[in-house]
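Here is how the chains run, residue by residue.
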Amino acid sequence: MLHRMFTPSPDGRLRLQILGPLRVWRGSTEIATGPPQQAQLLALLLARAGRPISTTELVHLIWDEAAPSSARNILHKYVGALRRLLQPEIRPRAGGSYLLRRGDAYLITVGPEVADVVAFRELVAAARTSLGEHRPAEAFAHYATALDLWQGPAGDGLGSGPSAMATFTGLDREFFDACVEAAVLGLTQDRPKRLLTALRLAASSAPLNEELQAALIRVLAAAGRQAEALAVFASVRDRLVEELGLDPGAGLMAAHQWVLTQSPPASPIGTVAVPRPGTSPSAGPSPSPVRVTASLPASSSDLVGRSGELGLLRHAAGSTLAGNTALVVIEGEPGSGKTRLLEEMAAEARAHGAQVLWGSGCEVVAAPTMWPWRQALGGYADVVSEDVGEDLLFRLYEQIVAHLKQVSAEQPVLLILDDLQWADATSLKAFAHVAARLPDGVMLAGALRDRAPVPSAELTRTLAWVSRQNGHVRIRLHPLDPGEVGELVHRETGRHPRPDTVRQIHARTAGNPFLTLELIRSPTTAVPSSVRDVVQARTEALDEPSRHLLETAALLESPMGVRLLAHAADLTVPTCLDRLEPLLAAGFLTLNGPDAHDIPAEPGPEEPFRVWFEPDLVRESVATTVSPGRAGRIRQRAADARDHLV
């Protein structure tokens, strides 16, 4: 089984565990992770595997408010030590292939055979895809294998501060959500015992998570352990009263009622039999069940490469139609299909009786305060300005919650706020407030670009707050792979493309759905005018020195060395690196190499840094804006640089 890959073995492979205590193995030998802060750095990068974390954020996560003045230098030292720990064979100051630098950020890129967290996320995504496509047995197998990977709370024993703990708590929530989803399938597939170990582990880590405790109670009862199920309910009920002064919620009471009155259900996939609220064991015959839909019924969709993501959204929308709440955030690069995915889900939800409310952030600076909310709710979100005071804003946010509660009492509500990267601070605070106060029968979905522009501090705070809400689902849209690009060509043209055509399109677009579609629809191989217009609009936001450097890079062969780029742009290497920062942050360029402080200022035979356009179609578009005379001068300097650097 997949989880066995993360136990010691004599094959010499690297294994990284973060789903429990942080542990590192090479073959059958466990490797020490170094000083506590170095171990925290590795754990944080693993928790967000595949996603860059800026140096500034890493300093904050590791030291909170007590960062020393030398924190960045210490961080770079830890990065170098971790690279040598993960890949002892790499040369000094080499970047390696696991711990990479992206601009002013670091990320870990490892596969499911190396890191348990990557394997867990891939298995859960596969389970949700199977669930969305109505393959319950396959979905259950994926869920069960994923849950087996957990050995305890994420990063257990690291002694992290509040900021870092929020990251590990978010990872724990992924575990809890998967446990609840698996429990539904465990009941409908009549395999509850398979999940008991994982559910007990999760429940012990979150004793006041009522949704999780209710899932454990149902699975225990279905496994023939009614006495233990009732004991769990009694324990949770007592803790809620003693520690929070609260009575058990409806979900926990329903699970208790079900243990007393129901036999294990034989429900079809996507439903669980739940007694109607207000009944009791003494009320006579067993109450008739209410069908709680776990996902919207799968329907045909023309979306390519998004079946897993659409399955997640269907699951969330189905939960809302059943009277529960759902909170989803979708992120991805410009053109990745965030809006299109939400439109698909909204159309399906509307067809099943939901009311869809939609608002979008506006790139125009003069857009009114609370503009996305005004589009969605009209006068219920009116506010004069952002300077009205916290008390008045709080009352406004509560007015929105009250309005949603009133509407959802009559009809399920799907509230979508798109392009959150353009939303004003007041709108983002409202998003965070409503996310924490969602009425039953309401789904709140937000979408944002993860670059271009760089997320603002207010947006980052909002996302951090939302990630701490119970049941929150974060979906990141990845580029299409070559097979999906080929399918998109077939869908658009009606013809099956040749493999070399697919490779060429994928190489130019890097799998970006918008760029791929525009290139397919273009009658020539030149840059489509629609793509050129979008890229030009993005470059206008750059200052003149950065734009000139971008144009220089566009005329060189990608990837290119930073020394070559600096020489071609008539800049020193340090100045070139400084001017690259906004281009990296805006997503025009990608950089890979050792840490910035390691690079010598004078050119030499080696190029430790390399920079490239991704997708290359952006480079082609930028290159078309350079005048012939300037292009000739840049190419001549580049030719001189190549001779000089040999």
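Everything below is about the structure printed above this text.
Residues numbered from 1 in each chain as written. Predicted model: local features only at pLDDT ≥ 70, side-chain atom pairs only at ≥ 80, totals over all residues. Heavy atoms only, no water.

### Let's talk about the overall build of the protein chain
We count it as follows: Strands here mean DSSP runs of E at least two residues long; helices mean DSSP runs of H or I at least four residues long; both are numbered from the N terminus. Think of it in three bands: residues with accessible area under 20% of the maximum for their type are buried, residues over 50% are exposed, and the middle band is partly exposed, with areas taken using a 1.4 Å probe on protein chains only. By the convention used here, residues are in contact when the closest approach between their heavy atoms is within 4.5 Å. Only the protein chains shown count as cover for residues, and the accessible areas themselves come from Shrake-Rupley with a 1.4 Å probe.
Across its full length, the protein chain holds 25 helices and 16 strands. Residue burial in the protein chain is summarised as follows: out of 646 residues, 52% are buried. Considering only contacts in the protein chain between residues 6 or more positions apart, those separated by 24 or more positions represent 66%. Of the roughly 28,100 Å² of accessible surface on the protein chain, 53% is carried by carbon and sulfur atoms.

### With respect to the packing of helix α6 (residues 162–188) against helix α7 (residues 196–205)
The criterion, for reference: Fitted lines through C-alpha atoms serve as axes, helices being fitted only where they are in contact, and the angles separating the N-to-C directions of these axes extend from 0 to 180 degrees. By the definition adopted for this analysis, an angle is roughly parallel if under 35 degrees, roughly antiparallel if over 145, roughly perpendicular if from 65 to 115, and oblique otherwise. A crossing counts as left-handed when the near helix is turned anticlockwise from the far one by less than a right angle, and as right-handed when that turn is clockwise.
For the pair α6 and α7, the least separation of the axes is 10 Å and the interaxial angle reads 135 degrees. Comparing their axes, α7 and α6 come out oblique. Between α6 and α7 lies a crossing of left-handed hand. Here Phe175, Phe176, Cys179 and Ala183 of α6 lie close against α7, whose contacting residues are Ala198, Leu199, Leu201, Ala202 and Ser205.

### Description of the sheet that holds strand β10 (residues 355–360)
What counts here: In this description, strands pair whenever DSSP reports at least two bridges between them.
With parallel pairing, five strands are arranged side by side in an open sheet as β10-β11-β12-β9-β13. Both edges of this open sheet fall to β10 and β13 (472–476), since each of them pairs with a single strand only. The average undirected angle you get between the axes of adjacent strands in this sheet is 15 degrees. In this fold helix α15 (residues 425–436) packs onto β9 (326–332), β11 (413–418) and β12 (442–449), with an angle of close to 145 degrees to the strand it touches most, β12.

### Some points on helix α18 (residues 499–509)
Note the following rule: Here the arc refers to the directions that run from the helix axis out to each C-beta atom.
Taken together, the buried positions of α18 are Val502, Ile505, Arg508 and Thr509. Relative to the axis of α18, the buried residues are bounded by an arc of 135 degrees and lie together on one face. Opposite the buried face of α18, by more than 90 degrees, sit the exposed residues Pro499, Arg503 and Ala507. Residues of α18 that are buried make contact with α17 (482–493), α19 (513–521) and α24 (616–623). Downstream of α18 by one or two residues, Ala510 has phi in the positive range, about 55 degrees.

### Thoughts on the side chain of Arg630
Note the threshold: Identification of polar contacts relies on pairs of N or O atoms within 3.5 Å, with a donor-acceptor requirement for protein atoms, meaning one able to donate a hydrogen and the other able to accept it, and with residues adjacent in sequence counted only if both atoms are side-chain atoms.
If you trace the backbone, Arg630 turns up in helix α25 (residues 628–645). A polar contact of 3.4 Å, which involves the side chain of Arg630, links it to the backbone oxygen of His548. Here Arg630 is in contact with His548, Glu551 and Thr552, once residues within four sequence places are set aside.

### Digging into the side chain of Thr129
By the secondary structure assignment, Thr129 is in helix α4 (residues 116–132). In contact with Thr129, other than residues within four places in its own chain, are Ser307 and Gly308.

### Some details on helix α8 (residues 210–222)
What counts, and what does not: Any helix carries an expected span of 1.5 Å times its number of residues minus one.
Taking 1.5 Å per residue, 13 residues should reach 18 Å; α8 reaches 18 Å between its end C-alpha atoms and fits that length. For α8, the buried fraction is high: eleven of the 13 residues fall into the buried class. Taken together, the buried positions of α8 are Leu212, Gln213, Ala214, Ala215, Leu216, Ile217, Arg218, Val219, Leu220, Ala221 and Ala222. Put simply, Asn209 is the residue that caps the front of α8, since its side-chain oxygen is 3.2 Å from the backbone nitrogen of Glu211. Positioned one or two residues after α8, Gly224 has a phi angle of 85 degrees, which is positive.

### A look at the packing of aromatic side chains
Basically, it comes down to this: Classification of ring pairs rests on two measures: the distance between centres of Phe, Tyr or Trp rings, Trp counted by its six-membered ring, which must be within 6.5 Å, and the angle between planes, read as stacked under 30 degrees, edge-to-face over 60 and tilted in between.
The full count for this structure, using the stated rule, is three aromatic pairs. Measuring from ring centre to ring centre gives 5.5 Å for Phe120 and Trp150, while their planes differ by 80 degrees; the resulting arrangement is edge-to-face. Of this pair, Phe120 sits in helix α4 while Trp150 sits in the loop between α5 (136–148) and α6, placing them 30 residues apart in sequence. The residues Phe120 and Trp150 share a single accessibility class, namely buried.

### Focus: the pattern of salt bridges
Operational definition: For this document, the term salt bridge refers to a Lys or Arg side-chain nitrogen within 4 Å of an Asp or Glu carboxyl oxygen.
Per the stated rule, a full pass over the model turns up 22 salt bridges. With a closest N to O distance of 2.9 Å, Arg128 and Glu181 form a salt bridge. Here Arg128, found in helix α4, pairs with Glu181, found in helix α6; they are 53 residues apart in sequence, far enough to count as distant. For Arg128, a relative accessible area of 14% corresponds to the buried category. On the basis of relative accessibility, which here comes to 11%, the residue Glu181 falls in the buried class. For Glu487, the salt bridge goes to Arg491, with nearest N and O atoms at 2.8 Å. Of the two residues, Glu487 and Arg491 both sit in helix α17, four residues apart, roughly one turn of that helix. Glu487 sits in the partly exposed class, given a relative accessible area of 31%. With a relative accessible area of 42%, Arg491 lands in the partly exposed category. Members of the salt-bridge network, linked through shared partners, are Arg51, Glu331 and Arg474.

What is shown is where atoms sit, not what they do.
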